[in-house]
Each structure stands twice: as structure tokens, then as C-alpha cells.
Amino acid sequence: MTIRETLGRLARTALPIIAGLSFVGGLAATLAAAGDTLGFDFLAYHQAAVRVLNGLPLYDLSYTETGGFGLFYYPPTFAPLVLPFGALDAAVATWAWIALSVAAFVVGVAVMPVARSVRWWIVLLAGLSFPFVYAVKLGQVGPLLFLAFAVGWRGLGDPVRLGLAGGIGAAIKLQPAMILAWALLTRRFAAVVVGVAVLAVLGAVATLLAGPSSWIDFLTLLRSVSEPITTEHNFTPGAVAFQLGLDASSAALVQVMSTAGVVVAFLAAIRWASEASSYMVAVISSQLVSPILWDHYAMLLLLPVAYLLSVGRWWALLIPLVTAWPLVGITPPATYPLVFWAALLGVLFVGLRNRRTPVS
């Protein structure tokens, strides 16, 4: 065995160990230092579930801006998924949700259709990623969406898995409905039917649990808190432009141009890129078109990073590394829209080079 082969074998042996230490260490340190912010977002879900169980409205319409503690502004279809946690004490429910989130991420990594070494790299990067550890600490839905997107990636040829992924993702948040739009435009009609059926069932259950008025309340709340360009800690291109000194109307134009560019990339990927890459473009686009882009949304970029690593684009390691938790306070806000766009263009470029037969 040559020295090079020996070093390669040692590296393959060490990678799982280093990845495990990074993952457990990053999460443990973050959760230990969380204090009063532990489960900050999840507690809003919990309060909404408790309201429904007590016969009260699903939504608290007293909020006038996003980002505040206790604000629940997810679609009613999310309510049936979180309702069981409302039966638990808040502290117990928070830790149960965090355990579910970590498990969802680990399962998502396991089902990705990539080599084992790439999976270990993603675990390692997750432990270093501020967006990932922050999402888990807050009790955000990011790890659940990660699992849904990973299942969809694994099941691109399976309408049931792809439809479930798109339907459940859209039930949790509106933006992942872009996966169903991708399925429709790529003529995966059976997957669209499955996804719509999932949404219809969850919508019916939500209506029974929270009442028909919950849908009107949801739209009312969205209108009340919708000032995305001037929202603090929003990391969309337009919001960052506003934070850097651009006036609100010009910043809004930046956001419109960014969204238009995302749509163009999305359609170009469907028309000319390879199957897996066009799906990844849809995943990234589902976040980048959002009027609110919190920093922890960037944890979902670990999926396209896995795709890029699987095709030998090792520069993709930089995407999560520039937002690593050791760099908190150093990484400027503009980094977040830039890494989303870097992932989008990188995946699109790879997909165009491995182009498939266009959909006619």
C-alpha cells in the first residue's frame, strides 16, 4: 500500500469521527448556552396548539410585525402536525420537538442519494453551521423541511415520495409548494396529485380543528405583519440593500429583480438542466423567493451542498463554512443572500453542463 493510499484510508476512517464530534459538539454547546431563547420559535407553535385544544382561535391577531415572541403565522395546514405537542407541558414539548428536529435532520442526511463520505461531510458541516444549530435551538421547522426535501430528492422517480415531500413541505410553510410546481412543470402529474391530496387532507383536518375562520385569520395576519423590506434581521437581497442604506422603494426593486432572477433560473433549470440539479434549484428557489429570509433558513443549503459535493464540486464546502458559528459577529449580513445565490448558480451551472433532453 502506497503512502497516498494509506493517507486516504486514514482520512476515510477519521471523517466519521470528526463529523460526529462536530455535530454533537456544535449542538451541545448551542443548546447549553441557549438560556431563555431555547425553543423561541417552537413555543409559538406550542401556544397555537394549546389555543386550539382550549377551543380558542389558532392565530393571535394582535401582532403587527414579524419576529416577535409567540407569533404563529404558518398556514392552518401546519396545525394538525403540531397539535400533539400542545398536550404536553411547554418545557417537555420543547425538548421533544428538538429531539424530533435532530432526528429529522439525521434521517434526511441518511436518505440523500449521495455517497457515504458526502453524508459524513454534511454532518460535519452541520455541526459547524450557525444556521443549523440556531434553527435547532429556536425549534424552527428547518430540519423537518430538510427531511422533506431529502425524501423528494431520493424519490424523484417515485410520485408517492415526491408528492408527500412537496405536500408536507407546503403544509408546513407556503414556499415549499415550489416543489409541486416543479413536479407539474416536469410533468410528474401523479406526484402533484399526491401532494395536492396531502394538502387537502391536512386542510380539512385543520378546518375541523381550528374552524373555517382560521383561513381568514391567517390571511389577515399575513397582511398585518407584512413589511419585509424594513423587517429587522431579514436577509433577503432587498432587505439587506435597505440595511446598507438604500431607500425602501429602491430596496424593494432590488428584491423584485432578485425574485425575477430566481424565477428565470428555476424555469431554465427545468428546461435545460439535469433532473437532480433542477430539483435542487427548486429547493433553493423555494427559500430565495420568500419575502422573509431568516439566517437559519440557510441550513437548507446543506442539501445543494451535498449535491455539489457528490459531483466533485468541493468549492461548495465554502457555502456553509462562511456562515459557521465561529464566525458569528464577523460574517456580514450580505453573506446570506450571496450564499443562496452562489448555491443557486452553482447548481444551475452543473446541471446545464450535465444537461438532459429538454422537456418538450
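The shown structure was predicted, so the numbers you read here are calculated from the model rather than taken from an experiment.

A. Just the environment of Phe-69, in detail. Note on placement: Phe-69 falls in the loop between helix H2 (42–53) and helix H3 (79–82). Exposure remark for Phe-69: the relative accessible area of 41% places this residue in the partly exposed category. Phe-69 sits 228 residues away from Tyr-297 along the chain, and the two C-alpha atoms are 18 Å apart. Among all residues touching Phe-69, those that are not within four sequence positions of it are Phe-40, Leu-43, Gln-47 and Tyr-63.

B. Focus on the packing of aromatic side chains. Enumeration over the complete set of coordinates arrives at 23 aromatic pairs. Centroid distance Phe-235 to Tyr-336: 4.9 Å. Interplanar angle 50 degrees. Geometry classified as tilted. One end of the pair, Phe-235, is in the loop between helix H11 (213–225) and helix H12 (237–243); the other, Tyr-336, is in helix H17 (residues 335–353), and 101 residues separate them in sequence. According to the relative accessible area criterion, Tyr-336 is buried, its value standing at 7%. Of the aromatic side chains, those joined through ring pairs into one cluster are Phe-42, Tyr-45, Tyr-59, Phe-72, Tyr-73, Tyr-74, Phe-78, Phe-85, Trp-97 and Phe-218.

C. Here's a closer look at the packing of helix H4 (residues 90–111) against helix H7 (residues 142–154). Two elements in contact, H4 and H7, have axes whose closest approach is 8 Å; the angle formed by their N-to-C orientations is 20 degrees. Between H4 and H7, the angle falls in the class roughly parallel. Where H4 crosses over H7, the two elements pack in a sense that is left-handed. For the pair H4 and H7, the contacting residues are Trp-97, Leu-100, Ser-101, Ala-104, Phe-105, Val-107, Gly-108, Val-109 and Val-111 in the first and Pro-143, Leu-144, Phe-146, Leu-147, Ala-150, Val-151 and Arg-154 in the second. Broken down by class, the residue content of the contact of H4 with H7 amounts to 13 nonpolar, two polar and one charged.

D. Focus on the side chain of Ser-214. Inspection of the secondary structure puts Ser-214 in helix H11. Within the local environment of Ser-214, its side chain forms a polar contact with the backbone oxygen of Gly-211, the two atoms lying 2.7 Å apart. Sequence-distant contacts of Ser-214, defined by excluding residues within four places in its chain, comprise Leu-58, Tyr-59 and Pro-76.

E. Layout of the pattern of salt bridges. The tally for this structure, following the rule as stated, stands at two salt bridges. A salt bridge links Arg-188 to Glu-275; its shortest N-O distance comes to 2.2 Å. Residue Arg-188 is found in the loop between helix H9 (177–185) and helix H10 (189–210), and its partner Glu-275 is found in helix H14 (residues 275–288); the two are separated by 87 residues along the sequence.

F. Just the nonpolar core, in detail. Counting residues in each nonpolar core, the largest one holds 105 residues, and the members touching the most others are Tyr-45, Phe-105, Met-112, Ile-122, Trp-153 and Tyr-279. The biggest single contributor to this core is H17, with eight residues. Tyr-45 has contacts with Phe-72, Tyr-74, Phe-78, Val-82, Trp-97, Gly-139, Gln-140 and Val-141, leaving out every residue within four places of it along the chain.

G. Here's a closer look at the side chain of Asp-217. Position of Asp-217 among the secondary structure elements: in helix H11. The side chain of Asp-217 is buried and forms no salt bridge, while Arg-223, the nearest opposite charge, is found at 8.6 Å. Among residues more than four places away in sequence, those in contact with Asp-217 are Pro-57, Tyr-59 and Leu-61.

H. Expanded view of the environment of Pro-131. Tracing the sequence through the fold places Pro-131 in helix H6 (residues 130–138). Residue Pro-131 is classed as buried on the basis of its relative accessible area, which comes to 0%. Considered as a pair, Pro-131 and Leu-208 are 77 residues apart in the sequence and their alpha carbons are 35 Å apart. Other than its neighbours up to four places away in sequence, Pro-131 contacts Asp-295, His-296, Ala-298, Met-299, Thr-323 and Tyr-336.

I. A look at H9. Buried within H9 are the following residues: Met-178, Ile-179, Leu-180, Trp-182 and Ala-183. Buried-residue contacts for H9 involve H7, helix H8 (159–172), H10, helix H13 (248–272) and H14. Count one or two residues on from H9 and you reach Arg-187, which has phi positive near 65 degrees.

Definitions and limits used
- Residues numbered from 1 in each chain as written.
- Predicted model: local features only at pLDDT ≥ 70, side-chain atom pairs only at ≥ 80, totals over all residues.
- Heavy atoms only, no water.
- Helix = DSSP H or I, 4+ residues; strand = E, 2+ residues; numbered from the N terminus.
- Buried < 20%, exposed > 50% of the residue type's maximum accessible area, 1.4 Å probe, protein only.
- Contact = heavy atoms within 4.5 Å.
- Phe/Tyr/Trp six-rings, centres within 6.5 Å; stacked < 30°, edge-to-face > 60°.
- Axes fitted to C-alpha atoms, helices over the stretch in contact; angles between N-to-C directions.
- Parallel < 35°, antiparallel > 145°, perpendicular 65-115°, else oblique.
- Left-handed = near helix turned anticlockwise from the far one by under 90°.
- Nonpolar A, V, L, I, M, F, W, Y, C, P; charged D, E, K, R; others polar.
- Polar contact = N/O pair within 3.5 Å; in protein donor to acceptor, adjacent residues only side chain to side chain.
- Salt bridge = Lys/Arg side-chain N within 4 Å of Asp/Glu carboxyl O.
- Core = buried A, V, L, I, M, F, W, Y, C linked by side-chain atoms within 4.5 Å.
- Lys, Arg positive; Asp, Glu negative; His and termini not counted.

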